[in-house]
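Below are the chains, spelled out letter by letter.
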Amino acid sequence: MDDWIEIGRVADIPRRGARCVTTPTGRIAVFRTVEDQVFALEDRCPHKGGPLSQGIVHGAQVTCPLHNFVISLETGTAQAPDEGQVRTIPLSVVEGRIFMAPEAMLSAAE
Ligand code: FES
């Protein structure tokens, strides 16, 4: 885990909210659930690119603020009947500190 990137603390993210991390390939939204789980998704809704970081987290899902697609924080997939998927980024939490997998810095095409 030496090359994982520390991006902040769980306590810095509001419960049921998100904070953004800017990478060379775009913005990543880091979400915190009511149960203090954290998940990272590309901050682009698979529908029309809405900012998922501004959505409301419920359970392990986020509702896009633009047209209400419901996206799984675990898989990045849209809940049926909507379709689409957004990239997920692995995170690790150690003593309240959040680390992001180095692949977050690579584009999805690589
Ligand atoms: S852009 Fe997210 S639901 Fe339309």
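Our subject is the structure listed above.
What you are looking at is a predicted structure, and each value in this text was computed from that prediction instead of being measured.

Quick word on the overall build of the protein
1) Next: Looking only at helices and strands, one finds zero helices and ten strands in the protein.
2) Next: When the helices and strands of the protein are listed from N to C terminus, the series reads β-β-β-β-β-β-β-β-β-β.
3) Next: In terms of overall dimensions, the protein has C-alpha extents of about 40 × 35 × 20 Å along its principal axes.
4) Next: Counting over 110 residues, the protein shows a buried share of 29%.

A look at the sheet that holds strand β7 (residues 70-72)
To summarise the sheet geometry, strands pair through backbone hydrogen bonds and adopt either a parallel or an antiparallel arrangement.
1) Next: One open sheet accounts for three strands, arranged β5-β6-β7; its pairing is antiparallel. Bordering the open sheet on either side are β5 (56-58) and β7, each of which pairs with just one other strand. Taken over all neighbouring pairs, the strand axes of this sheet differ in orientation by 30° on average, direction set aside.

Quick notes on the nonpolar core
1) Next: Within the largest apolar cluster, 25 residues are counted, with the highest numbers of intra-cluster contacts made by A29, V30, F31, A40, L41 and I71.
2) Next: Elements with a minimum of two residues in this core: β3 (26-32), β4 (38-42) and β10 (97-100).
3) Next: Sequence-distant contacts of F31, defined by excluding residues within four places in its chain, comprise A18, V38, F39, V57, V62 and L73.

Re the pairing of β10
1) Next: Side-chain alternation along β10 places I98 and M100 on a buried face and R97 and F99 on a face that remains uncovered.
2) Next: Hairpin connection from strand β9 (residues 91-94) to β10: two residues lie between these consecutive antiparallel strands, with E95 at a positive phi of about 50°.

Here's the deal with unusual backbone geometry
1) Next: Here the amide bond leading from A80 into P81 is cis, since omega sits at 10°, within 30 degrees of zero.
2) Next: Relative to the assigned elements, P81 resides in the loop between β7 and β8 (88-89).
3) Next: In this structure, R16 is a non-glycine residue whose phi angle is positive, near 65°.
4) Next: On the secondary structure map, R16 appears in the loop between β1 (5-9) and β2 (17-23).
5) Next: In this structure, N68 is a non-glycine residue whose phi angle is positive, near 70°.
6) Next: Here N68 shows up in the loop between β6 (61-63) and β7.

Remarks on the sheet that holds β2
1) Next: The strand order across the open sheet built from four strands is β2-β3-β4-β8, with neighbouring strands paired in antiparallel fashion. If you trace the sheet from one side to the other, it starts and ends with β2 and β8, each paired once.
2) Next: For β2 and β3, the ladder comprises seven bridges, and the chain directions are antiparallel. Looking across to β3, one finds that A18 is bridged to F31.

Thresholds applied
Residues numbered from 1 in each chain as written. Predicted model: local features only at pLDDT ≥ 70, side-chain atom pairs only at ≥ 80, totals over all residues. Helix = DSSP H or I, 4+ residues; strand = E, 2+ residues; numbered from the N terminus. Buried ≥ 20, exposed ≤ 12 C-beta atoms within 10 Å, placed from the backbone. Pairing = 2+ DSSP bridges. Axes fitted to C-alpha atoms, helices over the stretch in contact; angles between N-to-C directions. Core = buried A, V, L, I, M, F, W, Y, C linked by C-beta atoms within 7 Å. Contact = placed C-beta atoms within 7 Å.

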